[in-house]
Structures are given as structure tokens and as C-alpha cells.
Amino acid sequence: MTFAHRRAATPVTPRAPRARAYFPAPIYGRHAPTLPPDEPVPGEIDPWEAVTAVRPDTPHVRALRFLSTAGDLLAAFVLIGGGMGLIGLATHL
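This text gives an overview of the structure that appears in the document. Just so you know, these numbers come straight off a predicted model, no measurement behind them. (Residues numbered from 1 in each chain as written. Predicted model: local features only at pLDDT ≥ 70, side-chain atom pairs only at ≥ 80, totals over all residues. Heavy atoms only, no water.)

Points about the overall build of the protein
So, step 1. If you tally the helices and strands in the protein, you get one helix and zero strands.
So, step 2. The 93 residues of the protein split such that 0% are buried.
So, step 3. Surface accessibility of the protein: about 10000 Å² in total, with carbon and sulfur atoms responsible for 67%. (Helix = DSSP H or I, 4+ residues; strand = E, 2+ residues; numbered from the N terminus. Buried < 20%, exposed > 50% of the residue type's maximum accessible area, 1.4 Å probe, protein only. Areas by Shrake-Rupley, 256 points an atom, 1.4 Å probe, with all protein chains shown as cover.)

If you want it as C-alpha cells, here you go:
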């Protein structure tokens with residue numbers, strides 16, 4: 001078998017990186033503008049935001065919380081028990 005001779009690849013010299021890649025754009029080097037004295041500082045808590053929710057402690061509220069918790073526990077019991085029953089049913093078939 002005869003093979004065609006391969007041409008030698010022409011040497012490629014890597015290009016020098018551009019100088020701009022090392023220095024960020026001048027727009028990013030600017031300082032943030034100073035705010036006028038009446039403007040709020042970002043992240044500062046406004047007086048209307050400093051309100052906490054107070055849950056009343058009355059018998060009606062306690063009863064609703066109890067029923068909600070009891071319902072969640074009952075639902076968990078039914079789901080877990082039902083899953084166990086289905087697994088037991090599937091193993092005996």
C-alpha cells in the first residue's frame with residue numbers, strides 16, 4: 001500500500017492577547033453617586049416595615065391551631081398506614 005505524503009503543517013504562532021482583556025472597562029471603575037440627604041440608604045429599614053405580627057392567644061385561635069395539627073397528624077397516619085397496607089397486600093398476592 002502506498003500512502004500519500006502528508007504536507008507539513010504551517011506553523012501557527014499564537015496571537016498576543018489584547019491589552020484590553022487585562023483592564024476592565026472604565027465604566028466599571030466609576031464610584032457610585034452620592035445620594036442627596038433626604039434619600040434613604042438602600043437596605044435601611046423604613047419605619048413602616050418595622051412592624052411585627054402578633055398572634056392573639058384566644059381560645060378560638062388555639063382551637064384552630066389544634067385542629068390543624070390534629071388534621072396533619074391524622075393525614076400522616078392514614079398515608080403511612082395506607083402505604084404499609086398496600087405493601088403488605090402486594091407481598092401476599
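Once the structure has been displayed, the description carries forward.
Considerations on helix α1 (residues 59–91)
So, step 1. Look at α1: 48 Å from first C-alpha to last across 33 residues, which is about the 48 Å you get at 1.5 Å a residue.
So, step 2. Counting buried residues in α1 gives zero out of 33 residues, a small share hidden from the surface. (Expected span 1.5 Å × (residues − 1).)

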